[in-house]
Every structure is written in C-alpha cells, then in structure tokens.
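These are the residues of each chain, in order.
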Amino acid sequence: MNILKIAVAAALVAATGSALADATYPPEVPFVSSKTRAEVVAELQQASDQGSLNYAASAYPVLQPVASTKTRAEVKAELKTDPVVANRDLDELRDNVGH
C-alpha cells in the first residue's frame, strides 16, 4: 500500500515538473535597439578619447615587475635592524602583506 502511494506521488511530481519545464523564465521578449550601430561606435570612440571607457579586468595593461636593487641578505639584515619589524613573527608579516 505504501509503495503504491509513493509511486503515485512520484508520477504526479514528474508530470508536474515536465509541464512546468516548458515555460521560460524570464519570458523572452525580443530586443529592439534605440540606437544604430554607427551611434554606438561613435559613443565608444568618444568614451575612449575621454578616457572614461571601462575595460574588462583582462584588458588592463600588464605591469612589468619591478627589479629589486637589494639582495635577499640585505633585506633580511634590514628586517632584523628595524625594531618594529624585529618584534613581529614572520607569519604575522605574511598575513599583513596578503600572502
């Protein structure tokens, strides 16, 4: 008896789910542009000339790494002589730098 109830309930859920699966959400509405392609290109050119054009994160210029003028030993010696830095643990320094 319980198996029959479970089977009927599963069939009803499946039928309901398949009936609702046909509807799209949100409803598809055809897009109608209010500008021509030439107007959009002109706006992009104007924004680019003014420097207000938003770029994607992947389009930003790649910054060249700065070459260090100090050796590793010089940096370690500097860290040991700085009283503020000398009193901190190395783990705390790494956390503050964001590593």
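Calculation rules
Residues numbered from 1 in each chain as written. Predicted model: local features only at pLDDT ≥ 70, side-chain atom pairs only at ≥ 80, totals over all residues. Heavy atoms only, no water. Helix = DSSP H or I, 4+ residues; strand = E, 2+ residues; numbered from the N terminus. Buried < 20%, exposed > 50% of the residue type's maximum accessible area, 1.4 Å probe, protein only. Areas by Shrake-Rupley, 256 points an atom, 1.4 Å probe, with all protein chains shown as cover. Expected span 1.5 Å × (residues − 1). Patch = residues over 30% accessible without salt bridge, like charges linked within 9 Å, V, L, I, M, F, W, Y side chains within 5 Å. Salt bridge = Lys/Arg side-chain N within 4 Å of Asp/Glu carboxyl O.

Chemist: I tried to follow the overall build of the protein on my own but got confused; where do I start?
Modeler: Summing up its helical and strand segments, the protein has 5 helices and 0 strands in all. If you list the helices and strands of the protein from N to C, you get α-α-α-α-α. The buried share of the protein, reckoned over its 99 residues, is 3%. About 9700 Å² of surface is accessible on the protein, with carbon and sulfur atoms providing 61% of the total.

Chemist: What's the story with helix α2 (residues 37–50) in this structure? I'm lost.
Modeler: Because the α-helix completes a turn every 3.6 residues, residues three or four places apart line up on one side. For α2, which comprises 14 residues, the first-to-last C-alpha distance of 20 Å matches the rise-based estimate of 20 Å (1.5 Å per residue) to within 8%. One or two positions beyond α2, positive phi appears at Gly51, with a value near 80 degrees.

Chemist: Sorry if this is basic, but what is going on with a nonpolar patch on the surface here?
Modeler: A contiguous nonpolar surface patch, about 300 Å² in accessible area, is contributed by Leu4, Val8 and Leu12. Given the relative accessible area of 55%, Leu12 is considered exposed.

Chemist: Is there a simple way to explain the pattern of salt bridges in this structure?
Modeler: When their charged atoms lie close together, side chains carrying opposite charge are able to pair. Inspection of the entire model under this criterion finds 2 salt bridges. The closest approach of N and O atoms between Glu43 and Lys35, which form a salt bridge, is 2.6 Å. Residue classification places Lys35 among the partly exposed residues on the basis of a relative accessible area of 39%. For the salt bridge of Glu78 with Lys70, the shortest nitrogen-to-oxygen distance reads 2.5 Å. What makes Glu78 partly exposed here is its relative accessible area of 42%. Of the residues examined, Lys70 reaches a relative accessible area of 42% and is grouped as partly exposed.

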